[in-house]
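Chain residues, written in single-letter form:
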There are 2 protein chains.
Amino acid sequence: MSKIRIGIAGYGNLGKGVELAVRQNDDMELAGVFTRRAPETVKLMTEGVPVYHMDSVKDMQDKIDVMIICGGSATDLPEQTPALAKYFNVIDSFDTHARIPEHFHNVDKACKESGHAAIISLGWDPGLFSLNRLYAESILPNGKTYTFWGKGVSQGHSDAIRRVEGVKKGIQYTVPVDAAMDAVRSGSQPELSTREKHKRVCYVVAEDGADKAKITDTIKNLKNYFDEYDTTVNFISDEEFDAEHNTMPHGGFVMRSGMTGEGEKTHQMIEYSLKLESNPEFTASVLIAYARALYRLKNEGAEGCMTAFDIAPAYLSRLSGEELRATML
Amino acid sequence: MSKIRIGIAGYGNLGKGVELAVRQNDDMELAGVFTRRAPETVKLMTEGVPVYHMDSVKDMQDKIDVMIICGGSATDLPEQTPALAKYFNVIDSFDTHARIPEHFHNVDKACKESGHAAIISLGWDPGLFSLNRLYAESILPNGKTYTFWGKGVSQGHSDAIRRVEGVKKGIQYTVPVDAAMDAVRSGSQPELSTREKHKRVCYVVAEDGADKAKITDTIKNLKNYFDEYDTTVNFISDEEFDAEHNTMPHGGFVMRSGMTGEGEKTHQMIEYSLKLESNPEFTASVLIAYARALYRLKNEGAEGCMTAFDIAPAYLSRLSGEELRATML
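No experiment lies behind these values; they were computed from the predicted model shown.

About the criteria used
- Residues numbered from 1 in each chain as written.
- Chains lettered and ligands numbered in written order.
- Predicted model: local features only at pLDDT ≥ 70, side-chain atom pairs only at ≥ 80, totals over all residues.
- Heavy atoms only, no water.
- Helix = DSSP H or I, 4+ residues; strand = E, 2+ residues; numbered from the N terminus.
- Rg over C-alpha atoms; globule rule 2.2 N^0.38 Å.
- Contact = heavy atoms within 4.5 Å.
- Areas by Shrake-Rupley, 256 points an atom, 1.4 Å probe, with all protein chains shown as cover.
- Lys, Arg positive; Asp, Glu negative; His and termini not counted.
- Charge placed at Lys NZ, Arg CZ, Asp CG, Glu CD.
- Phe/Tyr/Trp six-rings, centres within 6.5 Å; stacked < 30°, edge-to-face > 60°.
- Buried < 20%, exposed > 50% of the residue type's maximum accessible area, 1.4 Å probe, protein only.
- Lys NZ or Arg CZ within 6 Å of the ring centre and 35° of its normal.
- Pairing = 2+ DSSP bridges.
- Axes fitted to C-alpha atoms, helices over the stretch in contact; angles between N-to-C directions.
- Polar contact = N/O pair within 3.5 Å; in protein donor to acceptor, adjacent residues only side chain to side chain.
- Parallel < 35°, antiparallel > 145°, perpendicular 65-115°, else oblique.
- Left-handed = near helix turned anticlockwise from the far one by under 90°.
- Nonpolar A, V, L, I, M, F, W, Y, C, P; charged D, E, K, R; others polar.
- Least-squares fit on C-alpha atoms with pLDDT ≥ 70 in both.
- Salt bridge = Lys/Arg side-chain N within 4 Å of Asp/Glu carboxyl O.
- Right-handed = clockwise from strand over helix to strand, strands pointing away.

### Details of the overall build of chain A
Broken down by element type, chain A carries eleven helices and 14 strands. Radius of gyration (C-alpha) of chain A: 22 Å, near the 20 Å computed for a compact globule of 329 residues. The C-alpha extent of chain A, read off along each of the three principal axes, is 65 × 60 × 35 Å. For chain A, restricting intrachain contacts to residue pairs at least 6 apart in sequence, the fraction spanning at least 24 positions comes to 68%. A total accessible area of about 14,000 Å² is found for chain A, and carbon and sulfur atoms account for 46% of it. Side chains of chain A carry 37 positive and 47 negative charges; the gap between the two charge centres is 1 Å.

### Side note on the packing of aromatic side chains
Under the criterion given, the structure shown has eleven aromatic pairs over all chains. A centroid spacing of 5.3 Å and a plane angle of 25° characterise the contact between F34 of chain A and Y52 of chain A, whose relative ring orientation is stacked. Here the residue F34 of chain A occupies a position in strand β2 (residues 28–35), and Y52 of chain A occupies one in strand β3 (residues 51–53), the gap between them amounting to 18 residues. According to the relative accessible area criterion, Y52 of chain A is partly exposed, its value standing at 24%. Their ring planes at 75° and their centres at 5.2 Å tell us that W124 of chain B and F129 of chain B sit as a pair that is edge-to-face. For the pair W124 of chain B and F129 of chain B, one class covers both residues: buried. Site record: aromatic cluster; members linked through ring pairs are W124, F129 and Y272 of chain A together with W124, F129 and Y272 of chain B. Stacked on the ring of F148 of chain A, the Lys or Arg K197 of chain A has its end atom at 5.3 Å from the ring centre.

### Some thoughts on the sheet that holds strand β9 (residues 167–176) of chain A
Residues and elements named next belong to chain A. Spatially, four strands are ordered β8-β9-β10-β11 in an open sheet, and the strand pairing comes out mixed. Of all the strands in the sheet, just β8 (152–153) and β11 (231–235) have a single pairing partner and so form its edges. Pairing of β8 with β9 involves two bridges; the strand directions are antiparallel. What sits directly across from G152, in β9, is T174. Across the sheet, helix α5 (residues 155–162) touches β8, β9 and β10 (198–206), and the angle it forms with β9 is around 145°.

### Concerning the side chain of S317 of chain A
Topologically, S317 of chain A is positioned in the loop between β14 (304–306) and α11 (321–327). Looking at S317 of chain A, the relative accessible area reads 5%, which means it is buried. Polar contacts involving the side chain of S317 of chain A include one to the main-chain amide nitrogen of L319 of chain A, which spans 3.0 Å. Ignoring any residue separated from it by four or fewer positions in sequence, one finds S317 of chain A in contact with R292, R296 and L324 of chain A together with L134 and S138 of chain B.

### Some thoughts on the packing of helix α2 (residues 76–84) of chain B against helix α3 (residues 100–114) of chain B
Residues and elements named next belong to chain B. Packing of α2 against α3 leaves a shortest axis separation of 8 Å and a crossing angle of 20°. Between α2 and α3, the angle falls in the class roughly parallel. The chirality of how α2 crosses α3 is right-handed. Facing L77, P78, T81 and P82 of α2, the residues of α3 in contact are H103, N106, V107 and A110. For the contact of α2 with α3, the residue count by class is five nonpolar, three polar and no charged.

### Quick word on the relation of the copies chain A and chain B
When chain A is fitted to chain B, the best match, at an RMSD of 0.0 Å, comes from turning it 180° and sliding it 0.0 Å along the axis. Both chain copies can therefore be described as sitting about a two-fold axis. Taking C-alpha positions as reference, the residue of chain A nearest the rotation axis is A312 of chain A, located at 1.9 Å. Mapped onto chain B, 100% of the interface residues of chain A are again interface residues, and the two copies thus contact each other with one and the same surface.

### Description of the pattern of salt bridges
All names here are of chain A. Under the definition given, this model contains 36 salt bridges over all chains. For R162, the salt bridge goes to D159, with nearest N and O atoms at 2.6 Å. In this pair, R162 and D159 both sit in helix α5, three residues apart, roughly one turn of the helix. Of the residues examined, R162 reaches a relative accessible area of 36% and is grouped as partly exposed. Because the salt bridges share partners, they merge into one network encompassing D26, D27, R292 and R318.

### With respect to the pairing of strand β4 (residues 66–69) of chain A
All names here are of chain A. Neither face of β4 is open: one carries V66 and I68, the other M67 and I69, and all of them are buried. Here four bridges tie strand β1 (residues 4–9) to β4, and the two strands are oriented parallel to one another. If you follow I8 over to β4, its bridge partner there is I68. Pairing analysis gives four bridges linking β4 to strand β5 (residues 89–92), with the strands arranged parallel. Its bridge partner lying in β5, M67 is registered against V90. Each parallel crossover has a hand, and the one from β4 via helix α2 (residues 76–84) to β5 is right-handed.

If you want it as structure tokens, here you go:
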């Protein structure tokens, strides 16, 4: 059986994660990596896989079954996903929740003009967390859903710290508040704002002679980032920073507290959680599983844009329906 | 818009749960309940819903969109689901894991002969737990999956206790072992047998003058039920039994511990858990959500037998694709 030929567009942390995830799935092969940099400057981890400039992407239409687009959501994906859907079946991890309907529309239009299929907004949130919200709310219509993020690194907040005067290195962890999670699990269905559910913990290496009290004060009052949260700033050494804060862990919880039965007095609790040592590697693993689904759906005649909501779970697995029923049901 | 007309075949705890779950979904209505008892002896909780004898079921073909079969897996469902698939689109909660392939085959055959559609083996295990095993194993191919059950009442083990001489009332809770769950969460991927993962806690009301030491000894040594587990037997009063042990809680955990990245050294942990105050009411809620999916799929031309693996999640929700993308993704 021929392997599913995967292309990667954009070779940052996520693209590297996809490269490594392909190795774990021997029904797939990495057919090529596309970059906006000079191709000869990009060194892959896999021997024998060609690197192309993004400008030559259309010459590769017959060589790639599914193109996984690994750009950022702010400016890359809104352009790249519809553009590449002209030539390929595409997968992306577009995660600006408020703009998903618009992005869906643009990708769907491009797909329908070219006869391709796409699955957008994959990963864990949006993605697996969204699926869990949907399953749980469909099963328990009378209830409340809560999403907690962390413990994990927020790239945007870490960037904000690093822009503060006197900060040499900085990283921010979003941490769910235990008391808030316990309140949800109790079945009391509390009203909780995002800030009541999370606190922010920062680790900073200060420049020599910098005023640490001033750095702390500036960070804690950064508008839209920290001012409305319970924020802790810890100063550490350069060595500790490099040793302890060099990975991108993340995770979180989706909880649904619902009521059933006569008078709706019976409490039913559904909880889903992820504890990820590497956010980009895990996101890449989700993209790869859905690349398999997209390949199969395309072979069955699918066209247009889809999301995880539209994909029957069996399409993600290498096992046949018969094998799945016998071993996993 | 006309409502989805639900039929219930079998009016025990699960059937009652389905009756109550229909009330929580106003796109549905309960069209009738079918029983093997004398219909006039069955009193529903809902006014104005007719009760019919199971023998007259075929006269109701045009009155019911989805028949939810609420019998037991040991003897009822293997007969009833294929038989009723001759006349209806059917849903069941068949949960004898080892016999699912055979049951699937029988229901599929009946559906294809009659032009109906079915979804079998729904609930939480098989059902939601199966879905979580499938998603997690597809996303993290290098890893191990663990299922823990409890804390919850096991009907079979409670029945076994009640057959012991000197036992007036008895109930058994399956309880997951914390140390085993912690070992899984650590990422060490331990080998754990079912008995290493669970302990069994029994509450017994003894007959007057019964030999409690002998009861304890007999229970702990019951072959295939308790002999291979860490079992605790607690004697309590009639009053305490009736007050504290009159519900059917259950739940459990599905965990996937997987490795990603270069050299597969990055630990990624997925965990799903349920904490249910009523097992039959929750199972009923799952059946009802999938009844909606079955109704829609049938309208799109589906035929034959399916499982939760084959159903795209969007079919479970009352919301449109557009609404789902805007609010839940």
